[in-house]
Amino acid sequence: MSFVHSINLSLFEEKSTHKGCFELDIYRGDLEHPNAPGNKWHKLQYHLKAAKKQNASVIATFGGPFSNHLHAFGMTLRILPFKAVAVVRGELQPKLTPTLKDMVKNGVELWPSSRSDYRLGMSSQIVNEINEHYGNVYWIPEGGGGVLGAMGCHDWANDINAIDNKYDAWVVSSGTGTTAAGLLSNINTPDLHVFSALKGEPAQRRLILDLASKLAAESMSKESLNAKLFFHADCHEGGYAKHSPALKSFISKFARANPNYPLDPVYTSKSMFAVIQAMQNGCWPYKRTLFIHTGGLQGWRGFSKDTNPFTYS
């Protein structure tokens, strides 16, 4: 299976004076792993090894009711010898979301958490309750984050680079910043443009850089990492999981031009929009760019069907 494909930019170049100046390819990470597509498997794998080393009987993690991480967690844990527990942000409603229904079907035990307690993370009351109830619990950070999550993405960069190492820049979407940090820490990664899906998250750049520095160790200095990191905090289009009219129009247009390369509604659609806008305006400084698809297509189930031009279900 080929994971790299060329994006058709013709519809976006109609009124641009920069037609034919850019080559944009997409790496279909969303096709890599059936249970944990995109960056999800890469962020999980070292955590699963650590849980086994700890001899944990239970693996627990955090996420929202439409979380891609939770969905991948449930799909992955269903065939492993651990009990799976998920702390879900907000009260669980009588009618579960499609994501949570899948998790229950896969045997995941759901623990609802108030938003205020959820924000406390490992210091929350619900974490204490779960630890007391089960004993030997291995905790995966929200989104599969932390050093172990980033280590998996560091390895992922080797896989991507092995396919084609002639790109001038890579593009990746960001939530927790774990994937970006892992990719950045790899010496084979070219200039890395990171587009945050969260509103008001400029401090995330520092977090990405600090985590990448831990992984890079002596292979790259913090100054070298900083030089190839380009963080964009202004492409959220109204906030997390929000769609501006301009973004809605773009997604529809992109689907017409590239029907076989679906984008997710929260992360990759916004990053792709920002990159193509920059190309249209002639302010993208690279000839060959690789866009890394981080998965998340199941997230469309949190939107009305008429908003999804890719008809993913």
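In short, a report on the structure. Bear in mind that the values here come from a model prediction, so they are computed numbers and not experimental data.

Another aspect to go through is the overall build of the protein. For the protein, the count of helices and strands is 11 helices and 10 strands. In terms of overall size, the protein behaves like a compact globule, its C-alpha atoms giving a radius of gyration of 19 Å where 313 residues would be expected to give roughly 20 Å. Dimensions of the protein along its principal axes, counting C-alpha atoms only, are 65 × 50 × 40 Å. By residue count, 53% of the 313 residues in the protein fall in the buried class. Carbon and sulfur atoms make up 52% of the accessible area of the protein, which totals about 14,000 Å². Within the protein, one finds 32 positive and 26 negative side-chain charges whose respective centroids are separated by 4 Å.

Our next topic: the state of the cysteines. A covalent bond between the sulfur atoms of two cysteines is what we call a disulfide. Taken as a whole, this structure holds zero disulfides when the rule is applied. Just so you know, Cys 21 is unpaired, no disulfide at all, and the nearest cysteine sulfur is the one on Cys 283, 12 Å from it. Accessibility expressed as a relative area gives 37% for Cys 21, which makes it partly exposed. Cys 235 carries a free sulfur, and the closest cysteine sulfur to it, the one in Cys 283, is 14 Å from it.

Our focus in this paragraph is the side chain of Asn 106. Take Asn 106: it is sitting in the loop between helix 3 (98–105) and strand 5 (109–113). Asn 106 has contacts with Gly 74, Met 75 and Arg 78, leaving out every residue within four places of it along the chain.

Ordered by their spatial adjacency, six strands build an open sheet running 1-2-10-7-8-9, and the pairing between neighbours is mixed. Looking at the sheet topology across the chains shown, the edges are occupied by strand 1 (4–6) and strand 9 (229–232). Ignoring strand direction, the axes of neighbouring strands in this sheet form an average angle of 25 degrees. Across the face of the sheet, helix 8 (residues 204–216) comes into contact with strand 7 (169–174), strand 8 (191–196) and strand 9 while running at roughly 150 degrees to strand 9.

Turning our eyes to something else, we now look at the pairing of strand 4 (residues 83–89). Most of strand 4 is tucked away: five of the seven residues are buried. Of the crossover connections in this fold, the one passing from strand 3 (residues 58–63) over helix 2 (residues 68–77) to the parallel strand 4 is right-handed. As paired elements, strand 4 and strand 5 share five bridges and run parallel to each other. Paired with Ala 86 across the strands is Leu 110, a residue of strand 5. Read as a crossover between parallel neighbours, the route from strand 4 over helix 3 to strand 5 is right-handed.

In this structure, the largest pocket spans a volume of roughly 1,200 Å³. If you list the elements that add at least two residues to the lining of the largest pocket, you get helix 1 (40–53), strand 3, helix 2, helix 4 (115–118), strand 6 (137–140), strand 7 and helix 7 (178–184). Broken down by class, the residue content of the lining of the largest pocket amounts to 16 nonpolar, 20 polar and six charged.

What follows covers the environment of Ser 249. Along the chain, Ser 249 turns up in helix 10 (residues 245–257). Residue Ser 249 is classed as partly exposed on the basis of its relative accessible area of 47%. Along the backbone, Ser 249 and Thr 61 are 188 residues apart, and their C-alpha atoms lie at a distance of 35 Å.

Basis of the calculations
Residues numbered from 1 in each chain as written. Predicted model: local features only at pLDDT ≥ 70, side-chain atom pairs only at ≥ 80, totals over all residues. Heavy atoms only, no water. Helix = DSSP H or I, 4+ residues; strand = E, 2+ residues; numbered from the N terminus. Rg over C-alpha atoms; globule rule 2.2 N^0.38 Å. Buried < 20%, exposed > 50% of the residue type's maximum accessible area, 1.4 Å probe, protein only. Areas by Shrake-Rupley, 256 points an atom, 1.4 Å probe, with all protein chains shown as cover. Lys, Arg positive; Asp, Glu negative; His and termini not counted. Charge placed at Lys NZ, Arg CZ, Asp CG, Glu CD. Disulfide = S-S within 2.5 Å. Contact = heavy atoms within 4.5 Å. Pairing = 2+ DSSP bridges. Axes fitted to C-alpha atoms, helices over the stretch in contact; angles between N-to-C directions. Right-handed = clockwise from strand over helix to strand, strands pointing away. 1 Å grid on protein atoms, 1.4 Å probe; cavity = no way out; pocket = protein on both sides within 12 Å on 5 of 7 lines; lining within 4 Å. Points joined across faces, edges and corners; volume = space filled by probe spheres on them. Nonpolar A, V, L, I, M, F, W, Y, C, P; charged D, E, K, R; others polar.

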